[in-house]
Amino acid sequence: MEEKKLLKGNEAIAEAAIRGGCRAFFGYPITPQNEIPEYMSFRMPEVGGVFIQSESEVSAINMVYGAAGSGARAMTSSSSPGISLKQEGISYIAGAEVPCVIVNMVRSGPGLGGIQPAQCDYFQSVKGGGHGDYKMLVYGPNSVQECVDIMYNAFDKAFEYRMPVMILGDGMLGQIMEAVTLPPMKDFSNVPNPDWAADGTRYGNDRRVINSLYIQPDELEALNHKLFAKYDVLQEKECMYEEYLCEDAEIVITAYGTVARIAKSAVDMLRESGVKAGLLRPITVFPFPSDRFARLASRSEVKKFVSVELSMGQMVEDVRLAVNGKKPVEFFGRCGGNVMTGEDIVEYIIKGGK
Amino acid sequence: MAKIFEKPKMLTDKPTHYCPGCTHGQAHILTARAIDKLNVKKIIGVAPVGCAVFAYEYFNCDMQEAAHGRAPAVATGIKRVIPDAIVFAYQGDGDLASIGMAEIVHAAARGENITVIFVNNAIYGMTGGQMAPTTMIGQKATTCQSGRSVALNGYPIHVSEMLSQLQGPCYIERVSCHDVKHIRQAQKAVDKAFQNQVEGRGFSMIEILATCPTNWGMNPIESNKYVEEVMCSVYPLGVYKDTTKEEA
Amino acid sequence: MAKLIFNKMLCKSCGLCVSVCPKQIISISKSEINSKGYFVSELIDTEKCIGCAFCAMMCPDSVIEVEK
């Protein structure tokens, strides 16, 4: 049943994963996501699930691959440098069409970077990240409640499309405490194992192989096309975004994650001072709501777009592709673990950009 | 007349891609024959990267193909969510002792209840004969063309000796397949490694000394002689760990 | 009396069976080639085979089945 609780983002995600059916967690400590493996370590045994603290992120994602390949609802979580290490496994998982969930509580980079919040993993999340042609379904939630709601259904999406799903948090999300409504426990006890899973029960011609090796070019090309056909379906069916005061907006601010909350307060301040600003917040960052951007760009009253991010400008590239030269696209960001205030955004807009 | 020797049922009919005389075929047979003897309902194998990358086409059960070196982690994930399945990882020396050293050490240390078949032919076969972590001092490879030098490349890794120092493993034995007598001994070892898993005893690994006629530049018969005369002295055969004996 | 059945398709001409036969009655054919292009191994003296199965056991490609 539903429950109202005050939870840290990381703990809320962990509990929502369990309620969404997750029964296997493999992870390695890294700040700022440590509450997820810590929570899973005691919670998984309570629901009859599996928890392992692996020897590395590389190993964790491969344990996910093994468990998920045999049909389990398996996940891992990490933060930026750890996600870089997981990219090898994620590529294999994508190639072998294995469903799983990966949580990335992004910290600043490059290299060891810092442990403060950032959004500098946008590229390695939405552009594939590892080797080869593939994508993931990537969500960029902006509140602990939205983390819960997305995590709760993330496995269903992963299994529906047989692909890895990433929840792209921006570091702050993992650490903030908010009141959340936790959904009831999903029951999968009577759901049969998926019809592709290598669960050890088949032999001879019926046997199943989880694999991403295709040595014949034609076969691999067919897989590449099959994967991208799925991404087209994602674009059509899974795009999620939220708009705030965009109806008459002249300046469309765009941001995802907690930055979108700061941007929303900036929109309010700008409106108070007579600037017609609005906010377009992508909730899925892959698929990217390009169509919505394109439609706004065709409106005569829209003067420009401003992408606000905790990076040197990553999502702004997708905004430019979507706007396709119809309107100017500007970028305003902080990085290194610094976070802008609403006033910073207002000041940027009022001064007329760079 | 009755059949007294035939191909194991746990192998598919697909002809292997291995070079003539390569021990991988023998290691597949030993593994498959051991599984044939088990009375279990669920089997899942994990294939490596290297010459045995297509092992998933040869073992007649559900299989997962792992990334290079990660087979013990993949096998761990499978075994933990399907504990009543017999899960085995099949790995070569580059896969297990070089790029996947962390995965094998920690699977062993956890006492993961899986069976690992480790094929050590002291060279990278699939990529064309480069130096392996188990290439012996003086042995030639395409990345140490005058022979492995201690000054330049350090020493080969003795995996069975090393892993047997851990508390986690149940059973570790090094075997060879260079003649019929040794194949029979190897079969017993592989059988035991699987039986241990059925009995829930934890991590078992069999290191099989193997030939690579193609990259060693020898014919299959010379290669087996080389295993007997050279490899077996550098990598002594025998049981390195067996906790089932301690219990008895 | 023993019978060896060769699945010649699988033979790679490695000669390991030849090397272990205690009666030295297996050889690599000088004329018969399989579809992979290998000269196949064959039993040259059926009468002398004792059915020890050494050849079959040594074969890495499961070419030989033994009946006894």
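Residues numbered from 1 in each chain as written. Chains lettered and ligands numbered in written order. Predicted model: local features only at pLDDT ≥ 70, side-chain atom pairs only at ≥ 80, totals over all residues. Heavy atoms only, no water.

Participant: Please set out the interface of chain C and chain B residue by residue, giving values where relevant.
Facilitator: Of the residues lining the interface, 26 residues belong to chain C; the matching set on chain B comes to 30 residues. For the chain C and chain B pair, buried surface summed over both sides reaches about 2300 Å², with 67% attributable to carbon and sulfur atoms. Our count for the contact surface shared by chain C and chain B stands at one salt bridge. Between B:Lys3 and C:Glu65 there is a salt bridge, with its nearest N and O atoms 3.2 Å apart. Where chain C packs against chain B, one counts nine residue pairs in polar contact (both at pLDDT 80 or more). Put simply, the parts of the chain that give the side of chain C that touches chain B at least two residues each are helix H1 (16-20), helix H2 (54-58) and strand S4 (64-67) of chain C. Considered class by class, the residues forming the side of chain C that touches chain B number 15 nonpolar, four polar and seven charged. With two bridges joining them, strand S1 (residues 3-5) of chain B and S4(C) adopt antiparallel strand pairing. Looking at S4(C), one finds that B:Phe5 is bridged to C:Val66. (Contact = heavy atoms within 4.5 Å. Buried area = accessible area lost by both parts, 1.4 Å probe. Salt bridge = Lys/Arg side-chain N within 4 Å of Asp/Glu carboxyl O. Polar contact = N/O pair within 3.5 Å; in protein donor to acceptor, adjacent residues only side chain to side chain. Helix = DSSP H or I, 4+ residues; strand = E, 2+ residues; numbered from the N terminus. Nonpolar A, V, L, I, M, F, W, Y, C, P; charged D, E, K, R; others polar. Pairing = 2+ DSSP bridges.)

Participant: Residue-level account of the pairing of strand S14 (residues 304-309) of chain A, with values.
Facilitator: Within a regular strand, the side chains alternate between the two sheet faces. Residue and element names in this part refer to chain A. Among the six residues of S14, six are classified as buried, and the element is accordingly described as predominantly covered. Burial along S14 is two-sided: Lys304, Val306 and Val308 facing one way and Phe305, Ser307 and Glu309 facing the other are all buried. Both strand S11 (residues 251-254) and S14 contribute to a ladder of four bridges, which runs parallel. Looking at S14, one finds that Ile251 is bridged to Lys304. The pairing of S14 with strand S15 (residues 329-333) spans five bridges and is classified as parallel. Residue pairing across strands places Phe305 opposite Val329, the latter belonging to S15. (Buried < 20%, exposed > 50% of the residue type's maximum accessible area, 1.4 Å probe, protein only.)

Participant: So what's going on with empty space enclosed by the protein? Which residues, and what values?
Facilitator: With the rule as written, the count across this model stands at four cavities of 30 Å³ or more. Taken as a whole, the largest cavity encloses approximately 160 Å³ of empty space. Lining the largest cavity we find 19 residues, and of these B:Lys7, B:Lys14, B:Pro15, B:Thr16 and C:Asp61 sit closest to its centre. Considering every element that reaches the lining of the largest cavity, the biggest residue donor is helix H1 (residues 23-36) of chain B, with three residues. Within the lining of the largest cavity, the residues separate by chemical class into nine nonpolar, five polar and five charged. (1 Å grid on protein atoms, 1.4 Å probe; cavity = no way out; pocket = protein on both sides within 12 Å on 5 of 7 lines; lining within 4 Å. Points joined across faces, edges and corners; volume = space filled by probe spheres on them.)

Participant: Mind laying out the sheet that holds strand S3 (residues 50-53) of chain A, listing which residues take part and the relevant values?
Facilitator: Two orientations exist for strands paired in a sheet by backbone hydrogen bonds: parallel and antiparallel. Residue and element names in this part refer to chain A. Across the sheet, seven strands lie side by side as S3-S2-S4-S5-S7-S6-S13; this open sheet has mixed pairing. Two strands lie at the open edges of the sheet, namely S3 and strand S13 (284-286), each paired on one side alone. The sheet shows a mean angle of 20 degrees between the axes of neighbouring strands, taken without regard to direction. Across six bridges, the pairing between strand S5 (residues 100-105) and strand S7 (residues 164-169) is parallel. Residue pairing for S7: Met105 is matched across the bridge by Gly169. Contacting strand S2 (24-27), S3, strand S4 (74-78) and S5, helix H3 (residues 57-69) crosses the sheet at an angle of about 165 degrees to S4. (Axes fitted to C-alpha atoms, helices over the stretch in contact; angles between N-to-C directions.)

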